[in-house]
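If you want the building blocks of each chain, they are given just below.
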Amino acid sequence: MRESVVLRLAGICVAAVILAVPAAALAQTVRIGMTAADIPRTLGQPDQGFEGNRFTGNTMYDGLTQWDLSSADKASVIIPGLSTEWAVDANDKTKWVFKLRPGVKFHDGSDFDADAVVWNVEKVLKQDAAHFDPSQVGVTASRMPGLRSARAVDKMTVEMTTASPDALLPINLTNLFMASPAHWKKLADTVPASVTDPKERAKQAWDGFARNASGTGAWKMDKFVPRERLELVKFPGYWDTKRVPKVDRLVLLPMPEPNARTAALLSGQVDWIENPAPDALPQIKQRGFVIYQNEQPHVWPWQFSRIEGSPWNDIRVRKAANLCIDRNAMKDGLLGGLMVSATGTFEPGHPWRGSPKFQIKFDPNEARKLMTEAGFSASKKLKVKTQTSASGSGQMLPLPMNEFVQQSLAECFFEVELDVIEWNTLFTNWRKGAKDESARGSQATNVTYAAMDPFFAMIRFLDSKMAPPVSNNWGYINDPEYDKLAAAVRVAFEPAARDSALAALHERSVDEAAFLFVAHDVGPRAMSPKIKNFVQPKSWFVDFSMLTMN
């Protein structure tokens, strides 16, 4: 019965987006069902959170630095990408010098050089540049808020300047993808002369670029149908010969509903799905499909509003919420084991963990005690509203998980209202902040966050200078101690000093119950046994280049 329902869903929800692929081509084609409701933007700076980076960023494009995704056992670290080496100026730590990789070509055949790097920095930072694109700013500038400018020292050397000393810049630059200036200029020349407004001309050129992209990545665009599919083919001229793709084609398909994704896999319409439906795992395994998972540097939280009047300004309320969730029950029951219970952004054993005094665990009696002290009871519940999505990126299974949290908190004198919106809208709202009308009165937002680098893990949320529109301090946290600790991280250019500063910052974030810490994702994906040589790294990202198909 379960199988027939799932397969029926496949016919209804998936057939519209799965086009027939000739049998001969399938041997070298990997078809992937994403959790996104649309194809992430293809013009160089993806939307859809890190699912966008995974599928249309790290595939078609490269950054100056990139993540090492070669190991399932070791943490992903920063390695050279389009830059072979970099260093901060010993006399002025607001300046960095990056040496570029020689001989790199864009997909259109043009050369990658220092001028291309400057052009890509200016596309999101220089508002009077002819190619400036405000649509790419939000998903880029907030991820590298310290960067101010770039200049070409010579053909293969770039100097970048930050607003203040920033030891995290090389990590931030994994998010700046290099698009082809020559290709963009060619498309700009095709904009009709009747379009005289420079901003509109730039917009039309970028629209054309999104339909006909050119980066330096291992994969290049072949076919693109918005909301339906993106087909990428291997780029034989990729600069890293070891990572020239081993299969011919990736077909990326938006499938936001987990049962529809699972149905597509079971019926043979796709070879790989992100986040399979947990209750279908036994059936998936029985059919011979392979389940991959690995603990990721990732947190599934509620991020609290700290603006005036927010109930989360009371630390007793924040701690009570953290003590009222039975995370192990969520893991073993709701998610079929596909999560790690969160007791902070980093778990014991991590160098950035520190030694928090507040222990996040399931203790509903202590939670109710704290709520009583705060003035709430079974007859006087605290009403809170949380904004979340129905699917998307690292959101895991947001509706069932939030309903679990909603029911759990009801036992501790909370009355939770869920405001469910589309994932990309939620992600956009995240950058606007709790004071913006897009929050619709919510006192918390449920946007998962990456924790593989210090800025993404903590600073963008806890530093008061990162409040909107600068970055993702959605709740407007304003704590001088957080600011002091975050500043110490930014000037810690030596690894040991940086680890110590980060441990202190994380320790305080747990002791202050800065978030409702719920889960760490394990990035579950199910795929055909025909797919070989796949590595599931400890990262949000994967390397599609090494895959083979039997």
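Residues numbered from 1 in each chain as written. Predicted model: local features only at pLDDT ≥ 70, side-chain atom pairs only at ≥ 80, totals over all residues. Heavy atoms only, no water.

The strand order across the open sheet formed by four strands is S4-S5-S7-S6, and the pairing between neighbours is antiparallel. A strand with exactly one partner marks an edge of an open sheet, and here the two such strands are strand S4 (83-88) and strand S6 (147-154). Geometrically, the sheet is characterised by an average inter-axis angle of 20° between neighbouring strands, direction not taken into account. Contacting strand S5 (95-100), S6 and strand S7 (157-162), helix H4 (residues 114-125) runs over the sheet at an angle of about 165° to S6. (Pairing = 2+ DSSP bridges. Helix = DSSP H or I, 4+ residues; strand = E, 2+ residues; numbered from the N terminus. Axes fitted to C-alpha atoms, helices over the stretch in contact; angles between N-to-C directions. Contact = heavy atoms within 4.5 Å.)

What follows deals with the sheet that holds strand S10 (residues 249-254). With mixed pairing, seven strands are arranged side by side in an open sheet as S8-S9-S10-S1-S11-S20-S12. The sheet is open, and its two edges are formed by strand S8 (219-225) and strand S12 (290-292), each paired on a single side. Strand-to-strand twist in this sheet, taken as the mean axis angle between neighbours without regard to direction, amounts to 20°. Where strand S9 (residues 229-234) lies against S10, four bridges are found, and the strand directions are antiparallel. Looking across to S10, one finds that Leu-232 is bridged to Leu-250.

Applying the stated criterion across every chain, the model contains one disulfide. A sulfur-sulfur distance of 1.9 Å marks the disulfide that ties Cys-324 to Cys-412. Looking down the S-S bond of the Cys-324 and Cys-412 bridge, the torsion is 90°, so its handedness is right-handed. Taken together, the residues span a long stretch of sequence, with Cys-324 in the loop between helix H11 (315-323) and helix H12 (327-334) and Cys-412 in the loop between helix H14 (398-410) and strand S16 (414-421) at a distance of 88 residues. The pair Cys-324 / Cys-412 is uniform in exposure class, with both members buried. (Disulfide = S-S within 2.5 Å. Buried < 20%, exposed > 50% of the residue type's maximum accessible area, 1.4 Å probe, protein only.)

Let us look at the nonpolar core. Taken as a class, soluble globular proteins show a tendency for nonpolar side chains to be buried jointly. Residues Trp-302, Trp-312, Leu-409 and Phe-414 are the most contacted members of the largest nonpolar core, which totals 82 residues. Looking at this core element by element, the count peaks at seven residues for helix H16 (residues 454-462). Contact partners of Trp-312, with chain neighbours within four places excluded, come to Trp-302, Phe-304, Ser-305, Arg-306, Val-317, Arg-318, Ala-321, Val-384, Phe-414, Gln-443 and Ala-444. (Core = buried A, V, L, I, M, F, W, Y, C linked by side-chain atoms within 4.5 Å.)

On to the packing of helix H17 (residues 480-490) against helix H18 (residues 495-511), then. Relative placement of two packed helices is described by the angle separating their axes and the distance separating the axes. Packing of H17 against H18 brings their axes to within 8 Å, and their N-to-C directions diverge by 160°. Our classification of the angle between H17 and H18 gives roughly antiparallel. Taken as a pair, H17 and H18 cross one another with a handedness that is left-handed. Counted together, Glu-481, Tyr-482, Leu-485, Ala-486, Ala-488 and Val-489 of H17 and Arg-498, Ala-501, Leu-502, Ala-504, Leu-505, Arg-508 and Ser-509 of H18 form the full contact between these two elements. Residue composition of the contact of H17 with H18, grouped by class: nine nonpolar, one polar and three charged. (Parallel < 35°, antiparallel > 145°, perpendicular 65-115°, else oblique. Left-handed = near helix turned anticlockwise from the far one by under 90°. Nonpolar A, V, L, I, M, F, W, Y, C, P; charged D, E, K, R; others polar.)

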